[in-house]
Structures are given as C-alpha cells and as structure tokens.
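This is what each chain is made of:
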Amino acid sequence: MNTQRGAPFSYADIRPYAVAESLDELRGPVHGVVTLPHELAWSGRRSFDLDDSYDLGALYKIVLEEGSQEHLRALLNGEVLRRHWGEFLPARRVRALWEEQFPELRRVAA
C-alpha cells in the first residue's frame, strides 16, 4: 500500500466509474423483479425485487459500481435514485462522483 500523501488508497479510488449525464436519462424499471446481466452479477445472485427495500439498495449498489452508461440508463431510474439516494451505499468514490455531477443528491443524503 502506498502511504504517500495524495497517492490513491485503493483501486476503487482510481477506477473509472460510469456516471449519467442526466438523471432524466435513467428510465429503468421502478417495480418488479429485475435480473442483472452476467457482466454485472457474475458471481452470485442476479435477480432483485425492486419492491423490496433491501433488494432495491443491493441492485442500485451493483449497477452504480459496476455498470456502464448503457446499464445505468436501462437499469436505474432517476426518480428512484433521487428518492432513495441517502439509503444506497455505493463505494465512497462512486458516491462522490455522483454527488459532484448531481448536487441535489448530496442534499438528499444529508
């Protein structure tokens, strides 16, 4: 581990993450069961019930941390993201990137 000031702490700190250009472009489902593609959920559970708060948070965490722009648009919903942002627990870097792009999310999480 590199302990120099300003050096990345972990791969998560330097990894490129996808961030939507607009929350309005996120038009994914809001109810029902969603099955994630293998490239997002390659080592375990793939189906999540969006009407269950635990499953909703788990799906959003996976997509926020692992998804491409296409995954974000197809699987996330901007209104759900606005409403539940404070409940989702993505990696620190992911949270920071999204809140930098969408300051209204920072206010929701506060």
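Residues numbered from 1 in each chain as written. Predicted model: local features only at pLDDT ≥ 70, side-chain atom pairs only at ≥ 80, totals over all residues. Heavy atoms only, no water.

Chemist: What is the right way to look at the environment of Glu66 in this model?
Modeler: In this fold, Glu66 is placed in helix α2 (residues 53-66). Residues Glu66 and Tyr17, 49 residues apart in the sequence, show an inter-C-alpha distance of 7.4 Å. Beyond its immediate sequence surroundings of up to four residues, Glu66 is in contact with Arg15 and Leu40. (Helix = DSSP H or I, 4+ residues; strand = E, 2+ residues; numbered from the N terminus. Contact = heavy atoms within 4.5 Å.)

Chemist: Help me out: how do you make sense of the side chain of His71 in this one?
Modeler: Examined against the element boundaries, His71 turns out to sit in helix α3 (residues 69-75). The class of His71 is buried, set by a relative accessible area of 14%. Setting aside residues up to four positions removed in sequence, His71 forms contacts with Pro37, Glu39, Leu40, Val63 and Leu76. (Buried < 20%, exposed > 50% of the residue type's maximum accessible area, 1.4 Å probe, protein only.)

Chemist: Explain the environment of Gln101 here, please?
Modeler: Residue position: Gln101 is located in helix α5 (residues 92-101). A sequence separation of 81 residues divides Gln101 from Ala20, and the C-alpha atoms of the two residues are 8.2 Å apart. Within polar-contact distance, the side chain of Gln101 engages the backbone oxygen of Glu21 at 3.3 Å. (Polar contact = N/O pair within 3.5 Å; in protein donor to acceptor, adjacent residues only side chain to side chain.)

Chemist: Would you mind showing me how to read the nonpolar core here?
Modeler: Nonpolar side chains tend to gather and get buried jointly when the protein is soluble and globular. Residues Tyr60, Leu81 and Trp98 are the most contacted members of the largest nonpolar core, which totals 30 residues. Secondary structure elements with two or more residues in this core: α2, α3, α4 (78-84) and α5. Sorting elements by how many residues they give to this core places α2 first, with six residues. For Tyr60, the residues in contact, after removing those within four places along its chain, are Leu75, Leu76, Asn77, Val80, Leu81 and Phe88. (Core = buried A, V, L, I, M, F, W, Y, C linked by side-chain atoms within 4.5 Å.)

Chemist: When you look at the packing of aromatic side chains in this model, what are you seeing that I'm missing?
Modeler: Each aromatic ring pair is specified by the distance between its two centres and by the angle formed by the two planes. On inspection of all chains with the given rule, the structure shows three aromatic pairs. For the pair Tyr60 and Phe88, a centre-to-centre distance of 4.7 Å together with 20 degrees between the ring planes defines the contact as stacked. Of this pair, Tyr60 sits in helix α2 while Phe88 sits in the loop between α4 and α5, and the two are 28 residues apart along the sequence. Relative accessible area serves as the criterion here: at 1%, Tyr60 is assigned to the buried category. Residue classification places Phe88 among the buried residues on the basis of a relative accessible area of 1%. Arranged with centres 6.4 Å apart and planes meeting at 35 degrees, the rings of Trp85 and Trp98 form a pair that is tilted. Separated by 13 residues along the polypeptide, Trp85 in the loop between α4 and α5 and Trp98 in helix α5 bring together distant segments of the chain. Among the aromatic side chains, those forming a connected cluster through ring pairs are Trp85, Trp98 and Phe102. (Phe/Tyr/Trp six-rings, centres within 6.5 Å; stacked < 30°, edge-to-face > 60°.)

Chemist: Honestly, α2 in this entry has me stumped. Any pointers?
Modeler: For an α-helix, the turn length of 3.6 residues means that residues three or four places apart are oriented alike. End to end, α2 covers 20 Å across 14 residues, agreeing with the expected 20 Å (1.5 Å per residue, within 8%). Restricting attention to buried positions, one finds in α2 the residues Asp55, Leu56, Gly57, Ala58, Leu59, Tyr60, Val63, Leu64 and Glu65. Here the buried face of α2 lies against β1 (33-35), β2 (47-49), α3, α4 and α5. For α2, the N-terminal capping position is held by Asp52, with its side-chain oxygen 3.1 Å away from the main-chain nitrogen of Tyr54. (Expected span 1.5 Å × (residues − 1).)

These figures capture arrangement, not role.
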